[in-house]
Amino acid sequence: MTDRPNYMTPAGFSALRAEYDALFGTERPQLVETISWAAGNGDRSENGDYIYGRKRLREIDRRLSWLARRMKAAKVVDPARQPDKARVFFGATVTIADEDDNHRTLTLIGDDEADAGAGRVGWNAPIARALRGAAVGDVRRVTLPAGERDYEVMAITYPND
């Protein structure tokens with residue numbers, strides 16, 4: 001794990017917590033019960049419920065461990081409480097335009113919440129790092145896999161309280 005804080009929105013933290021609670025409180029106990037039942041059926045070497053149940057239990061335990069580490073390292077930041085709403089910081093929704101005047105709207109959120117297809121970009125993504133601290137009218141150069149591109153910040157918004 002890195003020294004960087006794991007920034008998250010309150011909604012992102014709630015989603016991680018909900019997944020953890022569902023796995024730990026519902027799915028894992030049901031699976032343990034199934035494995036226990038399957039183990040009581042005798043020969044475990046050819047018992048599919050037992051073999052695949054144990055495999056799924058290891059997957060769940062690995063995911064629970066990862067979720068616990070991410071939540072422990074989380075620094076929950078409410079974007080609505082951002083003091084300087086004229087600049088791009090965590091939680092900002094930014095409209096940018098490239099050299100060809102193609103507009104894109106991105107929301108800078110926690111890395112665990114990112115969904116690029118929906119315009120939700122992780123805080124440590126190259127485009128998010130380039131936009132940090134920018135104001136409307138600023139031009140920022142972003143190094144992407146396809147090459148360098150310049151983007152102009154057209155608008156910045158934050159969610160309301």
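Attention here is on the structure that accompanies the text. (Residues numbered from 1 in each chain as written. Predicted model: local features only at pLDDT ≥ 70, side-chain atom pairs only at ≥ 80, totals over all residues. Heavy atoms only, no water.)

Brief notes about the side chain of Asn124
Alright, step 1. With respect to the helices and strands, the residue Asn124 is situated in the loop between strand S5 (120-122) and helix H3 (126-131).
Alright, step 2. With a relative accessible area of 16%, Asn124 lands in the buried category.
Alright, step 3. A polar contact is formed between the side chain of Asn124 and the side chain of Asp111, at a distance of 2.6 Å.
Alright, step 4. At 3.0 Å, the side chain of Asn124 forms a polar contact with the side chain of Arg132.
Alright, step 5. If near-sequence neighbours (up to four positions away) are discounted, Asn124 is found in contact with Arg4, Asp111, Arg129 and Arg132. (Helix = DSSP H or I, 4+ residues; strand = E, 2+ residues; numbered from the N terminus. Buried < 20%, exposed > 50% of the residue type's maximum accessible area, 1.4 Å probe, protein only. Polar contact = N/O pair within 3.5 Å; in protein donor to acceptor, adjacent residues only side chain to side chain. Contact = heavy atoms within 4.5 Å.)

A short note on the nonpolar core
Alright, step 1. Counting residues in hydrophobic clusters, the biggest one holds 19 residues, and the most contacted among them are Val88, Val94, Ile96, Leu106, Leu108, Ile127 and Leu131.
Alright, step 2. Per-element tally for this core: the top contributor is H3, with four residues.
Alright, step 3. If we ignore the near neighbours within four places in the chain, the residues touching Val88 are Val94, Leu108, Leu131, Arg132, Gly133, Ala134, Ile156 and Tyr158.
Alright, step 4. Met8, Tyr20, Ile35 and Ala39 belong to the second-largest nonpolar core, a separate cluster that totals 14 residues. (Core = buried A, V, L, I, M, F, W, Y, C linked by side-chain atoms within 4.5 Å.)

Treat this as a map of the structure, not an account of what it does.
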